[in-house]
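Fold and contact review
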2 protein chains.
Amino acid sequence: MTALDQLIEALRRLPGVGQKSAQRMAYHLLQHDRAGADALARALQDAVRNVRHCERCHTFSETPLCPICADRHRDARLLCVVESPADQAAMERTASYFGYYFVLQGRISPLDGVSTREIGVDQLLERAADGQVEEVILATSFTAEGEATAHVLAEALRARGLRSTRLARGVPVGSELEYVDLGTIAHALVDRRST
Amino acid sequence: MTALDQLIEALRRLPGVGQKSAQRMAYHLLQHDRAGADALARALQDAVRNVRHCERCHTFSETPLCPICADRHRDARLLCVVESPADQAAMERTASYFGYYFVLQGRISPLDGVSTREIGVDQLLERAADGQVEEVILATSFTAEGEATAHVLAEALRARGLRSTRLARGVPVGSELEYVDLGTIAHALVDRRST
Ligand SMILES: [Zn+2]
Ligand SMILES: [Zn+2]
């Protein structure tokens, strides 16, 4: 395989990139933006090397504690559970939540063999039992798998005497949090309900 | 700027990638496919290092002569002029052209200050004057700039006693060759007309 074909193949691993756009990207970089190709290669290597997970909330972080977990002015009584760093970033952009987070590694998916263990439920239960958390806000996706995950988490939290709430169903059913408009998320946050 | 932000920024330089998809790509790579990120970084560096331009037709090549120029079984009487390696690849996929190619560095664009010098017209004229070429097929885009480029090339070729043809206007006006369906390109090739 030529270096060009290998580049096209590597670009196809990016989400949302098919054969046609991968080819277009490769041609563009080699014909018009070799500096951009170099910059991207370096950025990828730096990110793989330096971006780790926050030891408390498991979001992306270059420091042991992410900036949010390191912020002492947040409301320690609230812990919001999301499926991914992207969903956490969407929550933050609403500017209407001031507690802490716990970022799961995705959601439970029995068909794909993804169980509570894989997504970090044990760590969540440990984090939620710090004695300060009074309410765990379940902000997993409003898909079948996200709902199932919220259900399992609610049960596990209740068994440990912890109260959990769920974002209101203002979030359109079937959609991923990351792609929901911020006003809807903010509204759903206000209307959160007990589980 | 964090390594994550730098990665998002670098991904945004890819054609067709906005803030949202760059973020999604970065999160995906770091959360689910760090091996893919490493592979992409290596592929970019390999391609930048190894992919050069064919010394005869100027398409991408890892060898001094590209496989097409090195193929002695092509029809040396035909030379097809395209704007980019992507357009050349589209021509090849029609499987209805068996001559050689000359790949311009884009097209003339007076507004962007891109003149005949920048796109390699001098090299084309030299290549076309090898004594074997009998017909130069102008396969630049059917946009205003592509038509202007074809016009300028036809004049320059005529001044040197060289005959040129243009792909038939079966190609939808306003579209880029790369995105045209193969049947249309094949048809336009058969119907090519003198300029
Ligand atoms: Zn954290
Ligand atoms: Zn060549």
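Keep in mind that what you see is a predicted model, and the values were worked out from it rather than measured. (Residues numbered from 1 in each chain as written. Chains lettered and ligands numbered in written order. Predicted model: local features only at pLDDT ≥ 70, side-chain atom pairs only at ≥ 80, totals over all residues. Heavy atoms only, no water.)

1. Concerning the domain arrangement of chain A
You can read the domains of chain A as domain 1 (3-50) and domain 2 (71-166). In this structure, domain 1 of chain A and domain 2 of chain A have C-alpha centres spaced 34 Å apart. (Domains from an automatic or database assignment.)

2. Side note on the coordination of the zinc ion (ligand 2)
Residues and elements named next belong to chain B. All of the protein donors around the zinc ion (ligand 2) are Cys54 (SG), Cys57 (SG), Cys66 (SG) and Cys69 (SG); their distances to the metal are 2.2 to 2.3 Å. Bound by four donor atoms, the zinc ion (ligand 2) shows angles of 106 to 116° at the metal and therefore tetrahedral coordination geometry. Between consecutive donor residues of the zinc ion (ligand 2), the sequence gaps follow C-x2-C-x8-C-x2-C. Of this pair, cysteine 54 sits in the loop between strand S1 (52-53) and strand S2 (60-61) while cysteine 66 sits in the loop between S2 and helix H4 (67-70), placing them 12 residues apart in sequence. Both residues of the pair, cysteine 54 and cysteine 66, count as buried. (Donors = N, O, S within 2.8 Å, 3.2 Å for Na, K, Ca; no water. Tetrahedral: all angles 85-135°; square planar, octahedral: opposite > 155°, others 65-115°. Helix = DSSP H or I, 4+ residues; strand = E, 2+ residues; numbered from the N terminus. Buried < 20%, exposed > 50% of the residue type's maximum accessible area, 1.4 Å probe, protein only.)

3. Side note on the UniProt feature "zinc finger region: C4-type" (unreviewed entry) in chain A
UniProt's entry tags residues 54-69 of chain A with the feature "zinc finger region: C4-type" (unreviewed entry), counted in the numbering of this structure. When the span residues 54-69 of chain A is considered, its composition is 19% helix and 12% strand, and the gap between its end C-alpha atoms is 8 Å. (UniProt positions renumbered as here; feature names shortened; annotations may be inferred.)

4. Thoughts on the pairing of strand S4 (residues 99-103) of chain B
Residues and elements named next belong to chain B. Burial within S4 is extensive, with five of its five residues counted as buried. In the sheet, strand S3 (residues 75-82) pairs with S4 via five bridges, with the strands oriented parallel. Note on S4: the bridge partner recorded for valine 81 is phenylalanine 102. Handedness of the crossover joining S3 and S4 through helix H5 (residues 85-93): right-handed. (Pairing = 2+ DSSP bridges. Right-handed = clockwise from strand over helix to strand, strands pointing away.)

5. What about the interface of chain A and chain B?
Across the boundary between the two partners, chain A contributes 50 residues, which contact 50 residues of chain B. Here chain A meets chain B over a buried area of about 4700 Å², counting both sides, of which 64% is carbon and sulfur. Linking aspartate 33 of chain B and arginine 13 of chain A is a salt bridge whose minimum nitrogen-to-oxygen distance equals 2.8 Å. Our count for the chain A to chain B interface comes out at nine residue pairs in polar contact (both at pLDDT 80 or more). Those elements that place two or more of their residues in the side of chain A that touches chain B are helix H1 (3-12), helix H2 (19-32), helix H3 (34-50), strand S1 (52-53) and helix H5 (85-93) of chain A. The biggest single contributor to the side of chain A that touches chain B is H3 of chain A, with 15 residues. Among the residues making up the side of chain A that touches chain B, the classes are represented as 28 nonpolar, 11 polar and 11 charged. (Contact = heavy atoms within 4.5 Å. Buried area = accessible area lost by both parts, 1.4 Å probe. Salt bridge = Lys/Arg side-chain N within 4 Å of Asp/Glu carboxyl O. Polar contact = N/O pair within 3.5 Å; in protein donor to acceptor, adjacent residues only side chain to side chain. Nonpolar A, V, L, I, M, F, W, Y, C, P; charged D, E, K, R; others polar.)

6. Observations regarding the nonpolar core
The biggest cluster of nonpolar side chains holds 50 residues, and the ones touching the most others in it are Leu7, Leu11 and Leu44 of chain A together with Leu7, Leu14 and Leu44 of chain B. Secondary-structure elements contributing two or more residues to this core are H1, H2, H3 and H5 of chain A together with helix H1 (3-12), helix H2 (19-32), helix H3 (34-50) and H5 of chain B. Each residue touching leucine 14 of chain B, except ones within four places of it in the same chain, is listed here: Leu11, Leu14, Met25, Leu29 and Leu40 of chain A. (Core = buried A, V, L, I, M, F, W, Y, C linked by side-chain atoms within 4.5 Å.)

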